[in-house]
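Fold and geometry: a report
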Amino acid sequence: MANSLALRRHIPRNAAGRFAVNALLLIAVGLFMRTVGVAFNAYLAGRAGGEVMGLYSLLFGVYGLALTLGSAGINLGTTRMVADVLGQFCPDGGTGTAGCGGEVCRRAVRRVMRRCLAYSLLCSTGAGLLMLVAAPWIGNSWLGDGRTVLSLRVLALTLPPIAVSACLGGYFTAVRRVVRTSAVGIGVQLLRIGFCAYLLTLWLPEGVEMTCLALVLGGALSELCGLLMTVGAYVYDRHKHLRLSGETLCEDMGEAVSTKKLLGITVPVTLAACLRSGLLTLQHILIPRGLKQSGASWETALTSYGVLHSMALPVVLFPSAFISSFSGLLVPEVAESVARGDRERVARLAFRLVTPALIFSFGVAGVMGCFGHELGMAVYGSAEAGEYIRLLAPLIPIMYVDSTVDAFLKGMGEQVYSMNVNIIDAGASVLLVWLLLPRMGLAGYVVAIYVTETLNTTLSLCRMLRMTRMPIRLWKQVFGPLLCAVGAVTLSRLGGILCGISLSGLWGLILWMGISGILYLLLCLATGVWGKEPTRDLLRVFGK
């Protein structure tokens, strides 16, 4: 009882409070991880160079397919299976304090975890062995660069640890103890940086192949440490929440713990994800080859690809941590409203989710478009990265809203439609890369990104509008934010010029970007783009 009372003191009294706490936690973790990722990429670009970054990106284009096959949807499968068991057998949510029902629940969860762990080990070991054997063929024939073979073999060894960690992560998600997996994720990221930095000091003089191997091996060692931490957290959690009594129970658990049910969840997801990953892998393979066909050397092609994919894109996507955190938390709200048949609330939630996402993304696009060159120089010391940031800035509202709409469709049970749209997106991207890159160079890839992102967002948004009947307010959602963003960055730039203040240095740049953001918010308030109602909603949630 004392533990129960202590726990209640840490739980907010209302759903809004819980939403606020979770949102702030997710935003903080997301921003930290992305900040560390961008800083690490800047460090790598400075130490290793653009060619290594391009080769590293090329490796992970292939590795994504192997990881999809090795993980085999186990995270979702474990989450669904454990959650179903908790709902069916355990009225107290898995703490084991509800007498016989709690005992049955604990036994059922342990059976589910044994099946899920065995499934993850089987799939990941098979995918790892396949990648290990095929590494020479993949490196020389698919990627066209024999320097990737050794790194591919090391990456093959990481598939079982990642799959088991994903399985255990699904368990923690189901029992609503995700703080532990978040802590492990932060630890893995920090260890990866430490291992890679140390190995780079040893192997950087050995050339591109050994430098790339240092990065891959550093990541592999951090994943192994992450597995040990996750297993330790699971063993502790099982001892605390899933301890069994000495009595033997013959309760029939039936379909809830069956392997057939697990396969029914994971196999369709894996097949669709493998198809999309295969198309994305093909796209990554075609990009350097298309650049080479356009007249660039292989080293130049890898460098340009690395600058765009590993340097510019992470900066462009950095602020989306705010959007993704809120979008993910609203999925259960949407699902609950759909289950109740409350269409009016669904439409209201859609409007309250999409409109702030558009307002936020237009502001980010204005700042990135205005200060993109300075950002590239301040973060990476690369004018080329800055130009790509500016080129991609107008696409930011489309990219951010796409992730928001995808999350909303998942809440409505439209995962299959979203996956089909993503497959169409990947297929169109492959076709455009194959057609445009030999003729236009890297500009063709930028065109392909614009076309496919717009296609994806249009298909998803039309589906959501048709299902929710969300009201459309073009001034508040598009034209107003666009004009306010242009006005804010223009005033900021003019103020800097008139005051004679330069944008040199990262902190000076952050200052002027912050001033632009404040001006944007003030203009949105003055023009009625951001009104009293959304402000009231935020104060109602975070004020408590």
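Residues numbered from 1 in each chain as written. Predicted model: local features only at pLDDT ≥ 70, side-chain atom pairs only at ≥ 80, totals over all residues. Heavy atoms only, no water.

1. What to know about the overall build of the protein
When helices and strands are tallied, the protein shows 20 helices and zero strands. Of the contacts formed within the protein by residues at least 6 apart in sequence, a portion of 81% connects residues at least 24 apart. Put simply, the protein shows about 25,000 Å² of open surface, and 67% of that area lies on carbon and sulfur atoms. (Helix = DSSP H or I, 4+ residues; strand = E, 2+ residues; numbered from the N terminus. Contact = heavy atoms within 4.5 Å. Areas by Shrake-Rupley, 256 points an atom, 1.4 Å probe, with all protein chains shown as cover.)

2. With respect to the nonpolar core
Judged by nonpolar contacts, the single largest core of 88 residues is most densely connected at Met131, Leu308, Met368, Tyr380 and Tyr445. Aside from chain neighbours lying at most four places away, what touches Met368 is Val315, Val316, Pro319, Leu375, Ile389, Arg390, Ala393 and Ile396. With 25 residues, the next largest nonpolar core counts Cys167, Leu168, Tyr171 and Ala174 among its residues. (Core = buried A, V, L, I, M, F, W, Y, C linked by side-chain atoms within 4.5 Å. Buried < 20%, exposed > 50% of the residue type's maximum accessible area, 1.4 Å probe, protein only.)

3. Quick word on the packing of helix α11 (residues 298-317) against helix α17 (residues 442-468)
Viewed as axis vectors pointing N to C, α11 and α17 meet at an angle of 30 degrees, and their least axial separation amounts to 11 Å. One element, α11, and the other, α17, form an angle in the roughly parallel class. Here the hand of the crossing between α11 and α17 comes out right-handed. Packed against α11, whose contacting residues are Ser304, Leu308 and His309, the element α17 presents Leu442, Tyr445 and Val446 at the interface. Of the residues assigned to the contact of α11 with α17, the class counts are four nonpolar, two polar and no charged. (Axes fitted to C-alpha atoms, helices over the stretch in contact; angles between N-to-C directions. Parallel < 35°, antiparallel > 145°, perpendicular 65-115°, else oblique. Left-handed = near helix turned anticlockwise from the far one by under 90°. Nonpolar A, V, L, I, M, F, W, Y, C, P; charged D, E, K, R; others polar.)

4. Observations concerning a nonpolar patch on the surface
A contiguous nonpolar surface patch, about 520 Å² in accessible area, is contributed by Ile472, Leu474, Trp475, Phe479 and Leu483. Judged by its relative accessible area of 45%, Phe479 falls in the partly exposed class. (Patch = residues over 30% accessible without salt bridge, like charges linked within 9 Å, V, L, I, M, F, W, Y side chains within 5 Å. Salt bridge = Lys/Arg side-chain N within 4 Å of Asp/Glu carboxyl O.)

5. Focus: helix α14 (residues 383-392)
Among the residues of α14, those classed as buried are Ala385, Gly386, Tyr388, Ile389 and Leu392. Projected down its long axis, α14 shows its buried positions confined to an angular sector of 160 degrees, all on one face. With a side-chain oxygen lying 3.4 Å from the backbone nitrogen of Glu384, the N-terminal cap of α14 falls on Ser382. (Arc of directions from axis to C-beta. Polar contact = N/O pair within 3.5 Å; in protein donor to acceptor, adjacent residues only side chain to side chain.)

6. Points about the confidence of the model for the protein
A residue-level look at the protein finds 81% of positions with pLDDT of 70 or above and a mean pLDDT of 78. Helix α6 (residues 149-157) holds the highest mean pLDDT among the elements of the protein, 91, whereas helix α1 (residues 2-9) holds the lowest, 35. Contacts for the low-pLDDT stretch residues 1-15, under 50 throughout, to residues beyond four places or in other chains number five contacts. Note on residues 92-101: pLDDT is under 50 here. Beyond four places in sequence and across chains, it has 12 contacts. (pLDDT = per-residue confidence, 0-100.)

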